[in-house]
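Per-entry structural report
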Amino acid sequence: MTRAAPTTLRPTTPREVRDAVLDTPGRLAVAGAGTAADWAGRLHDIDARLETTGLTGVIAHNPGDMTVSVHAGTPLRDLATEIGTHQQRVALDAARVGRGATVGGLVATADAGPSALVYGSVRDLVIGTTTVLADGTMVRSGGHVIKNVAGYDMAKLLHGSYGTLGVLVEVVLRLHPVPKATATVAVEGPLQAAAEHTARLVQSPLEPIACEWVSGDPGRLLVRLEGGESTLHLRVARLVELLGDGAHEVDESVWDEHAALTAGGPGPGGDGGDTGGPAVAPDGAVLRIGAAPTRLAPLVAELPATAVTAGLGTGVATVTVPGAAVAETHDAVAAAHGTSALRSRSADLDAPAWGPAPSGLPLLKAIKNRLDPDGRLSPGRFDPWM
Amino acid sequence: MPLDRRIVDEFVGVLGAADVLSDPIRTRTYECDGLTGYRVVPELVLLPRTAEAVAGCVKVCARHGVPFVARGAGTGLSGGALPVADGVVIGLNRLNRVLEVDVENRRAVLEPGVTNLEITAAASPFGLYYAPDPSSQQVCTIGGNVAENSGGAHCLKYGFTTNHVLSLEVVLPDGSLVTLGGDSAEQQGPDLRGVFLGSEGTLGITTKITVRLLRTPETMRTLLADFPSVAAGGQVVSDIVSAGIVPAAVEMMDALAIEAAEGATGAGYSLDTPAALVVELDGTAEECDDQFEQVKAICDKHGCTRLHIAGSPEERANIWRGRKAAFAAVGRISPDYIVQDGVVPRTRLSEVLDKIAEMADESGIRVANVFHAGDGNLHPLVLYSEANGEAEQAETLSSRIAELCVEMGGSLSGEHGIGTDKACSMPRMFGEEDLEAFHRVRAAFDPDDICNPGKLFPTPRLCGERPGKYRPHPLEEHGAIERL
Ligand SMILES: Cc1cc2nc3c(=O)[nH]c(=O)nc-3n(C[C@H](O)[C@H](O)[C@H](O)COP(=O)(O)OP(=O)(O)OC[C@H]3O[C@@H](n4cnc5c(N)ncnc54)[C@H](O)[C@@H]3O)c2cc1C
């Protein structure tokens, strides 16, 4: 059966989202700015694309409360600029923020960056959501206060749902102060050496914000600190001493290189520029993997990876592997008791998006069934599981 | 109606007779949690010793449609562990082993009956600790903490239980065993771990929990400061926050709460001050000292009338002792009291306190205030005398305070949960569509509605009933735990 090319819907208010969901027959692909359009399973049998890019802007920012509510299609980059004037930030440095990823898209893909070591992933920053379900039900959960245990935490359900459970229309985030000073110390060396440094670092009182190995020849470990203007240099000195020979302070721009590598390595699209759209790795596939921190380095070492950023404190790495190696990568990660998901891949690559299904799969199916019984939203994202 | 003999036999078949309690004298021990106004004696109490036995019990429940309620230490303050008539209580306190402390990966694997404080006790020889610190931590269990998404004084900087749990092994209401979450924060698909956290025992029973441990901070600095008004104290909190400082804890007490706490502990709080603030900073030595100077300057700027800096770990402990005793101590100034747990946006703290004072005046009932000022979580203590027939007025005032918090953009509960206590107020905070969606999530986990039914959601039966008064938890009376 051939289908007509999907139409694109671009609602500009939560109500219009609800109307679009109710008035459009068939299957809907939910999309943000498209920076992760090719992550997870491939969409199939789509009748319409529902884009949130028209649903933008801050709804309320109360600097004194350090919370902000935004429409879900707001690019985090733009939000950062706006709240930055108050010396506040959303403590999320996922690699695709710089390319215009939307707040809703970041939640739906469960994204995180190096500073997850201290601030957690986006799920740890969301304090409230409004979501439109497949039948037009509009659900609020959480609220505008950081501390709140009333009702189920629907934000967690939407986190990592890849558009399959509902359309996020509003998101409330907790904010953190912009640090007075930041500094990054680098030490060259292969992955194994970086893992040994990290083992000592996490036992020290130095409170690193990020601790990432980036591949290269021989690669290097980047450690970021945040602190006060007049005191941070003291901690930098302690860090340099701890890391030993060859450790030195580097410019913060190393994190742009880190983001580019995480997005699929240097090359077309993966340049970390602000052009939007997916950063496709030529001839390869980008996978996100997670494992217990001490298992990560040996696991990554055994993969045929051409580019790696590895959070040695968090246990989360992003690797680029040849297209043909995706399945074996999933297997290797599963054998290490980890989790893996396919991110960017070349357009013609046919590779499994996920490894073995988690034990909670029947539960996941039951939830999908209750919230979207006709399977209307983003079909294919969790192929082959459901 | 007693349970069918054959069903009882099936439970005995799973656990052995010794671990199945049916004698009303023994099951009565389980009739309530820390919200002692509600009581139901369960038909049976099941005390499994392994996850498999928990699953076996739940399978029997599922097969016969018997409702079950999981129970940790029973310190919950919202009636979450209140038994269900014609149902069973599944007590988790025999699953109480610390299974592993993984120092290199900074995590611990626990059975649900391990107490909160035992986690830190197991971790501290390695310079690690478990951050969420409810003041019931000597007694409450990690299973209960997971179910309530419990907080503590230090959650302003470090977050709540949900921010510290990596994975959960869960017995679902059909008796199947699943793992939610994983070895890192990176998960496959929706965060079901996060949905389970804070679900108040309504989605299943957790039988194994992996938590993150943090490195013990290098330095801690604690001060106690008096202010001419609660508003001035509130200003200090705002200024600390706008200076970009994230304190480990910021707690405030008003005159009435101080009077009670000081009377009970003699911890050194001033009896003539309208408000006192406890501020704690932690981190590396140089950062901490630098910020501490800034905090002191902010206190001065807002007319601090007395500044006491803890000069030793003992002095620090003393400041905290006074703060933590505040709840139980109001028993000294009032025969009965109700503990509230509403939240408002921090910037509305003085406004909400003014309104609470007004409402208290109107109803002729006194309210003492102790609160987590940093995150706007109030614990107003509604003081009354049942003997003088004030119970109903107090109950009404207490509910109005919680609902006022919602009207001011906050929440019904910051840490104690909805449970039985606040189920009837849920429609003040959530619309019909929201509640209906929660129901659908619940039904996906528990289609037959046997897992802690009647909690969290408003039901006609419950919302027609009047709860009894607050009574101190037995453990509290014995001084084993203190209320924060
Ligand atoms: C004096 C005092 C001070 C307190 N201070 C604080 C505080 O500072 N911060 C705070 O957040 N809370 C506080 N509390 C409330 C209470 O201690 C917490 O809610 C705690 O987490 C409850 O743990 P518990 O083991 O006693 O659970 P219980 O009371 O036994 O149960 C609580 C809920 O959890 C469910 N449950 C228990 N175990 C499991 C399991 N294994 N799987 C699934 N569900 C389960 C029960 O069904 C019930 O719904 C305080 C209570 C008291 C009495």
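Per chain, the residues get numbers from 1 upward, laid out in the order the sequence is written. Chains and ligands are labelled sequentially in the order written, the chains with letters from A and the ligands with numbers from 1. Owing to the predicted nature of the model, reporting of local features is limited to residues with pLDDT of at least 70; listing and counting of side-chain atom pairs is limited to 80 or more, with chain, interface and lining totals taken over all residues. As a convention, hydrogens and water are excluded, and side-chain values are obtained from all of the structure's heavy atoms.

1. Thoughts on the overall build of chain A
What counts, and what does not: Where helices and strands are cited, they refer to DSSP runs of H or I of at least four residues and of E of at least two residues respectively, numbered from the N terminus. We compute the radius of gyration from the C-alpha atoms alone; for a globule the expected value is 2.2 Å times N to the 0.38, where N is the number of residues. Burial status follows relative accessibility: with a 1.4 Å probe on protein chains alone, a residue under 20% of its type maximum counts as buried, one over 50% as exposed, and anything between as partly exposed. Note on contacts: a residue pair is in contact if any heavy atoms of the two residues lie within 4.5 Å. Working definition of accessibility: Shrake-Rupley area with a 1.4 Å probe, residue cover restricted to the visible protein chains.
Counting secondary structure elements, chain A contains 11 helices and 18 strands. Relative to the compact-globule value of 21 Å for 386 residues, chain A shows a C-alpha radius of gyration of 21 Å, a close match. Within chain A, buried positions represent 63% of all 386 residues. At a minimum sequence separation of 6, the contacts of chain A that also span at least 24 residues come to 69%. When the accessible surface of chain A is split by element, carbon and sulfur atoms take 53% of a total near 13700 Å².

2. Details of the overall build of chain B
Counting secondary structure elements, chain B contains 17 helices and 18 strands. Radius of gyration (C-alpha) of chain B: 22 Å, near the 23 Å computed for a compact globule of 484 residues. For chain B, the spread of C-alpha atoms along the three principal axes comes to 70 × 60 × 45 Å. Look at the contacts in chain B between residues 6 or more apart in sequence, and 72% of them connect residues 24 or more apart. Of the roughly 16600 Å² that chain B leaves accessible, carbon and sulfur atoms contribute 50%.

3. Let's talk about the state of the cysteines
Residues and elements named next belong to chain B. The condition is simple: For the purposes of this analysis, a disulfide is any pair of cysteine sulfur atoms at a distance within 2.5 Å.
The full count for this structure, using the stated rule, is one disulfide over all chains. Here Cys57 stays unpaired: no disulfide links it, and the sulfur of Cys61, its closest cysteine neighbor, is 7.0 Å away. Accessibility expressed as a relative area gives 0% for Cys57, which makes it buried. The thiol of Cys288 is unpaired, and the distance to the nearest cysteine sulfur, on Cys299, comes to 14 Å.

4. Observations regarding a negative patch on the surface
Residues and elements named next belong to chain B. Our working rule: Residues forming no salt bridge and having over 30% relative accessible area are the ones grouped into patches, like charges within 9 Å of each other and nonpolar side chains (Val, Leu, Ile, Met, Phe, Trp, Tyr) within 5 Å. Salt-bridge detection follows one rule: a side-chain nitrogen of Lys or Arg within 4 Å of a carboxyl oxygen of Asp or Glu. Positive: Lys, Arg. Negative: Asp, Glu. His and the chain ends are not part of the count. One atom stands in for each charge, and that atom is NZ of Lys, CZ of Arg, CG of Asp or CD of Glu.
A cluster of like negative charges, contributed by Asp354, Glu358, Asp361 and Glu362, occupies part of the molecular surface. Topologically, Asp361 is positioned in helix 12 (residues 349–363). Note on Asp361: relative accessible area 65%, which makes it exposed.

5. Observations regarding the pattern of salt bridges
All names here are of chain A. Taken as a whole and assessed by the stated rule, the structure comprises 42 salt bridges over all chains. We note a salt bridge from Glu51 to Arg10, for which the minimum N-O separation is 3.9 Å. Within this pair, whereas Glu51 is found in strand 3 (residues 48–51), its partner Arg10 is found in the loop between strand 1 (7–9) and helix 1 (14–23), the two being separated by 41 residues in sequence. Overall, the relative accessible area of 15% leaves Glu51 in the buried class.

6. Details of the site of the ligand
Residues and elements named next belong to chain B. Short version of the rule: For each residue, the test is whether any non-hydrogen atom lies within 4 Å of the molecule or strand; if one does, the residue is near. Any N or O atom pair separated by 3.5 Å or less is treated as a polar contact, with the protein-specific requirement of one donor-capable and one acceptor-capable atom, and with residues adjacent in sequence counted only for side-chain atom pairs. The classification used treats Ala, Val, Leu, Ile, Met, Phe, Trp, Tyr, Cys and Pro as nonpolar, Asp, Glu, Lys and Arg as charged, and all other residues, Gly among them, as polar.
If you check the shell around the ligand, you find 35 residues, and the closest are Ala70, Gly72, Thr75, Ser136 and Thr141. Here Gly74 contributes a backbone N or O atom positioned 2.8 Å from an oxygen atom of the ligand. Between an oxygen atom of the ligand and a side-chain N or O atom of Asn452, the distance comes to 3.5 Å. For the shell around the ligand, the secondary-structure elements that each account for two or more residues are strand 3 (68–71), helix 5 (142–148) and strand 10 (205–212). Classifying every residue of the shell around the ligand by side-chain character gives 11 nonpolar, 18 polar and six charged.

7. A word on the domain arrangement of chain A
What counts, and what does not: Domain delimitation in this document rests on an assignment produced automatically or drawn from a domain database.
Considered domain by domain, chain A is made up of domain 1 (1–178 + 356–386), domain 2 (181–252) and domain 3 (260–345). If you average the C-alpha positions of domain 1 of chain A and of domain 3 of chain A, the two centres end up 23 Å apart.

8. Remarks on the confidence of the model for chain B
All names here are of chain B. Quick reminder of the rule: Residue-level confidence of the predictor is summarised by pLDDT, bounded by 0 at the bottom and 100 at the top.
Looking at chain B, pLDDT values average 93 and 95% of them are 70 or higher. Every residue in residues 466–480 is under pLDDT 50, and counting partners more than four places away or in other chains gives 39 contacts. For this predicted complex, the interface score ipTM comes out at 0.95, while the overall pTM is 0.95.

9. Overview of the interface of chain A and chain B
Stated formally: A simple way to read buried area is as the amount of 1.4 Å-probe accessible surface that goes missing from two parts once joined, with both sides added.
On the chain B side, the residues contacting the 81 residues of chain A number 80 residues. Considering only the side of chain A, the residues that lose the most area to chain B are Lys147, Val149 and Tyr152 of chain A, jointly responsible for 16% of the buried surface there. Run the count over chain A and chain B and you get 10 salt bridges. The partner of Asp434 of chain B in a salt bridge is Arg140 of chain A, with the nearest N and O atoms 3.2 Å apart. Linking chain A with chain B are 33 residue pairs in polar contact (both at pLDDT 80 or more), by the criterion used here.

10. Examining helix 15 (residues 432–445) of chain B
Formally: To estimate how far a helix should reach, multiply one less than its number of residues by 1.5 Å.
The terminal C-alpha atoms of helix 15 of chain B lie 20 Å apart, and with 14 residues this matches the ideal 20 Å at 1.5 Å per residue to within 8%. Within helix 15 of chain B, 10 of the 14 residues are buried, which leaves it mostly tucked inside the rest of the structure. Looking at helix 15 of chain B, one finds that the buried residues are Asp434, Leu435, Ala437, Phe438, Arg440, Val441, Arg442, Ala443, Ala444 and Phe445 of chain B. Looking at the buried residues of helix 15 of chain B, the elements they touch are strand 8 (138–142), helix 5 (154–158) and helix 11 (361–371) of chain A together with helix 7 (192–196) and helix 14 (426–429) of chain B.

11. Overview of the packing of aromatic side chains
Here is the rule: Any two of the Phe, Tyr and Trp rings considered here, Trp counted by its six-membered ring, make a pair once their centres fall within 6.5 Å; the pair's planes then place it as stacked at under 30 degrees, edge-to-face at over 60, or tilted in between.
Taken as a whole, this structure holds eight aromatic pairs over all chains when the rule is applied. A ring pair is formed by Tyr152 of chain A and Phe438 of chain B, whose centres lie 5.9 Å apart and whose planes are at 65°; its orientation type is edge-to-face. Taken together, the residues Tyr152 of chain A in the loop between strand 8 and helix 5 and Phe438 of chain B in helix 15 connect one chain to another. For Phe438 of chain B, a relative accessible area of 0% gives the class buried. Considering the side-chain rings of Tyr162 of chain A and Trp354 of chain A, the 5.9 Å spacing of their centres and the 80° angle between planes classify their relative orientation as edge-to-face. Of the two residues, Tyr162 of chain A is situated in the loop between helix 5 and strand 9 (167–174) and Trp354 of chain A in the loop between strand 18 (339–345) and helix 11; the sequence distance between them amounts to 192 residues.

12. Digging into the sheet that holds strand 15 (residues 284–290) of chain A
Residues and elements named next belong to chain A. As a reminder, the rule being used: For two strands to pair, DSSP has to find at least two bridges joining them. Axes here refer to lines fitted to C-alpha atoms; in helices the fit is confined to the stretch in contact. Angles between the N-to-C directions go from 0 to 180 degrees.
Spatial strand order, 14-11-13-12-16-17-15-18: eight strands in an open sheet with antiparallel pairing. Both outer strands of the open sheet, strand 14 (248–250) and strand 18, are each paired with one neighbouring strand and no more. Direction aside, the axes of adjacent strands within the sheet are offset by 25° on average. Pairing of strand 11 (residues 181–188) with strand 14 involves three bridges; the strand directions are antiparallel. For Ala186, the partnering residue across the bridge sits in strand 14 and is His248. Strands in contact with helix 7 (residues 232–243) are strand 11, strand 13 (220–227) and strand 14; relative to strand 13, the strand with the most contacts, it is inclined by about 155°. Helix-sheet contacts for helix 9 (residues 293–301) involve strand 15, strand 16 (307–311) and strand 17 (316–322), and the interaxial angle to strand 17 is about 5°.

13. Concerning unusual backbone geometry
Of note, the amide linkage connecting Asp217 of chain A to Pro218 of chain A takes the cis form, showing an omega dihedral of 5°. If you trace the backbone, Pro218 of chain A turns up in the loop between strand 12 (210–214) and strand 13. Of note in this structure, Asp449 of chain B is not a glycine but carries a positive phi near 55°. Structurally, the position occupied by Asp449 of chain B is in the loop between helix 15 and helix 16 (460–464). Under the relative-accessibility criterion, Asp449 of chain B is labelled partly exposed at 42%. A positive phi angle, near 45°, is found at Asn452 of chain B, a position not held by glycine. Along the chain, Asn452 of chain B turns up in the loop between helix 15 and helix 16.

14. Structural notes on the confidence of the model for chain A
When pLDDT is averaged along chain A, the result is 93, and 95% of the positions lie at 70 or above. In the model, residues 267–278 of chain A has pLDDT below 50 throughout and makes 23 contacts with residues more than four positions away in sequence or in other chains.

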